[in-house]
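# Residue-level structure breakdown
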Amino acid sequence: MNELELNLIQRINVGDSLTRTSWRYPNKVAIVDGPRQFTYYELNDLVNKFSHFICSLGLQVGDSMALLAGNCAEFLISYFACAKVGVVCVPINLGWKGGEIEYVLNHSGAKAIVIEEQFLKLANVVLPSCEEIYEIVVVHSGDLQNVGDLSERNWHSFEAVIGEFEGLEPEVLIADRAAISYLYTSGTTSAPKGVVSSHLAVYLESLGVCVEDRFSHDDVLAAMMPLFHTAQLNGQCTPAIVVGATIVLLRGFDAEALLSAIEREKVSVFFGLPFMFRELLDCPSISQTDLSSLRLAIYAMAPMPDTLLRQCIEVLGCDFALGFGQTEMNPVTTIFRPEHQLSHSGAVGTPQINVAVAIMDESGCLLPNGSSGEIVYRSPQTMTEYLHNPSATELAFDRGWFHSGDSGYFDKDGILWFEDRFKDVIKSGGENVSSIEVEKAIYASSNQIAEAAVVGLPHGRWGEAITAFVVPKNGQDLDPTEILARVKDKIDGFKAPKSIEIVSELPRTSTGKVQKNLLRRQYSAHYEEK
């Protein structure tokens, strides 16, 4: 028996999870993408064909291929094809500008790229600066003649190359800890960092989610968050494929479209951000929509305000859970379980089955329940490293734990509470103030508030002045003075905002996170005249 044969027998590979599911449930619908449907047999067959095409380009194990596409079947086909032949997939954030995309393509060493047709114009802007990318695969394009200034590259039609190969399972030696993806984190103050994720890490995280969220082949998952982000890709879709669930792909969040999909496809599980649930409840058609298929609604990025959470549970009539984590952990580390939603409102839960979680002080000592410090992790699903960045990797793994950069504590019940990102802690008048704590008090002050974001802005006296940006619900008129008075009844006076600004919207990343760095930059001179 040679090394390849032993590897094929024993290995852990994310691509193999699709293979095995296709053997168990060949006729089960795997993906619904608009009018298109693919059974698990059909999906695996397409993945195998595309994997053989990737090999025909000369890409070897460890080479990387970029993926510039929205939520479509071809995204998942490309991802799993890369997995089966050991090529590293580099999903591109569709919210990035040209310079960021150029950086990621060059930093990752991508040799090929899969591009969805509508992004060809962007490709013609960024690819001239990416000389290593010579192979370009276009999805949904019947005409590859108009390729701008990149005519010297090798262009391929996704649909055409799929038809050139047979759907035999590729047999490639791939180590368990080989990289499956480079996922780049948003670089708000520096260049994005490439998180190297391994097959073992993603495989175990996917199994953990299946256990914790009780995924099964009977589930139908609506995927509306971007697939280029690990929360949707590895927090939801790779687990769904492990168990043979159906994935309904949506191009993005639209309340009406989501409600229609829930009723039409009998969706049982979906994942969104708190503001999306708020818009869902405000959608006029929700009272006429059949929601009886829903089993579990998952939210992330931030705790759900208590009032909104209770309304959601009543209207949607299903369990709720929060998934907490980060890209470097692939991503889920703790789960705020349905049974804790109302008894510990605002917490982020208890550790996921594969993860050890602790609180560490600045000297490296682990702290008891009730003490605040940095949230740190140990888990086989932790990233391998930051790509080409040994100093950042060493800092992240200091003292034998992965350092999250988050501040939090465990309460007496052993439930984790997230206080803030360290970079978002406001240092006002010599005191450290959690922006999250202030935001919770603002939400509790009025049921007419749709969203709130709190940041520290430069101030001559306070150093950083606590400043709140509030979006009214449904065009309501809000009085900042009244909000401030109610907030002061709920938190210590020194934590209350020095100013509350009413705005129409908050800046967001393409994955829905509020960009507090942009608020700090835009309003940096806010207190200069005060």
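Reference entry: report on the structure contained in this document. Values in this document were obtained by computation on a predicted structure and should not be read as measured data.

### Examining the overall build of the protein chain
Within the protein chain one finds 16 helices and 26 strands. Against the globule reference of 24 Å for 530 residues, the protein chain gives a C-alpha radius of gyration of 24 Å, in line with a compact fold. Reported as C-alpha extents along the three principal axes, the dimensions of the protein chain are approximately 70 × 50 × 50 Å. Burial statistics for the protein chain: of 530 residues in total, 58% are counted as buried. Contacts in the protein chain between residues at least 24 apart in sequence constitute 66% of all its contacts with a sequence separation of at least 6. Of the roughly 21700 Å² of accessible surface on the protein chain, 50% is carried by carbon and sulfur atoms. Of the side-chain charges in the protein chain, 41 are positive and 67 negative, and the distance between the mean point of each set is 5 Å.

### Some thoughts on the sheet that holds strand E20 (residues 402-410)
Strands belonging to one sheet form pairs held by backbone hydrogen bonds; the direction of such a pair is parallel or antiparallel. Spatially, E17-E18-E20-E21 is the arrangement adopted by the 4 strands of the open sheet, whose pairing is antiparallel. Of all strands in the sheet, those with a lone pairing partner are strand E17 (356-360) and strand E21 (416-421), marking the two edges. On average, each strand axis in the sheet is inclined to that of its neighbour by 50°, with strand direction left out of account. Bridge analysis of E20 against E21 gives 5 bridges, and the strand direction is antiparallel. From the neighbouring strand, Ser407 faces E21, where its bridge partner is Asp420.

### Let's talk about the packing of aromatic side chains
Counted according to the given criterion, the structure contains 13 aromatic pairs. Note on Phe277 and Phe320: the rings are 5.5 Å apart at their centroids and 55° apart in plane angle, and the pair reads as tilted. With Phe277 in helix H11 (residues 274-282) and Phe320 in strand E14 (residues 319-325), this residue pair connects regions lying 43 residues apart in the sequence. With a relative accessible area of 2%, Phe277 lands in the buried category. One aromatic cluster is present, formed by Phe50, Phe53, Phe158 and Phe165 through successive ring pairs. In this structure, Lys498 packs its charged tip against the face of Trp462, placed 4.3 Å from the ring centre. Its end group placed over the ring of Phe275, Arg508 keeps NZ or CZ at 3.9 Å from the ring centre.

### Overview of the nonpolar core
Judged by nonpolar contacts, the single largest core of 124 residues is most densely connected at Phe50, Phe270, Leu316 and Phe320. The leading source of residues in this core is helix H4 (residues 73-85), at 10 residues. Listed in part, the 27 residues of the second largest apolar core include Ile101, Ile136, Ala179 and Tyr184.

### Focus on the pairing of strand E1 (residues 29-33)
For E1, the tally of buried residues reaches 4 of 5 residues, placing the bulk of the element in the interior. Bridge count for E1 against strand E2 (residues 36-39) is 4 bridges, and the pairing is antiparallel. By the bridge assignment for E2, Val29 is matched with Thr39. Pairing between E1 and strand E11 (residues 246-249): 3 bridges, direction parallel. Looking across to E11, one finds that Asp33 is bridged to Leu249.

Rules and cut-offs
- Residues numbered from 1 in each chain as written.
- Predicted model: local features only at pLDDT ≥ 70, side-chain atom pairs only at ≥ 80, totals over all residues.
- Heavy atoms only, no water.
- Helix = DSSP H or I, 4+ residues; strand = E, 2+ residues; numbered from the N terminus.
- Rg over C-alpha atoms; globule rule 2.2 N^0.38 Å.
- Buried < 20%, exposed > 50% of the residue type's maximum accessible area, 1.4 Å probe, protein only.
- Contact = heavy atoms within 4.5 Å.
- Areas by Shrake-Rupley, 256 points an atom, 1.4 Å probe, with all protein chains shown as cover.
- Lys, Arg positive; Asp, Glu negative; His and termini not counted.
- Charge placed at Lys NZ, Arg CZ, Asp CG, Glu CD.
- Pairing = 2+ DSSP bridges.
- Axes fitted to C-alpha atoms, helices over the stretch in contact; angles between N-to-C directions.
- Phe/Tyr/Trp six-rings, centres within 6.5 Å; stacked < 30°, edge-to-face > 60°.
- Lys NZ or Arg CZ within 6 Å of the ring centre and 35° of its normal.
- Core = buried A, V, L, I, M, F, W, Y, C linked by side-chain atoms within 4.5 Å.

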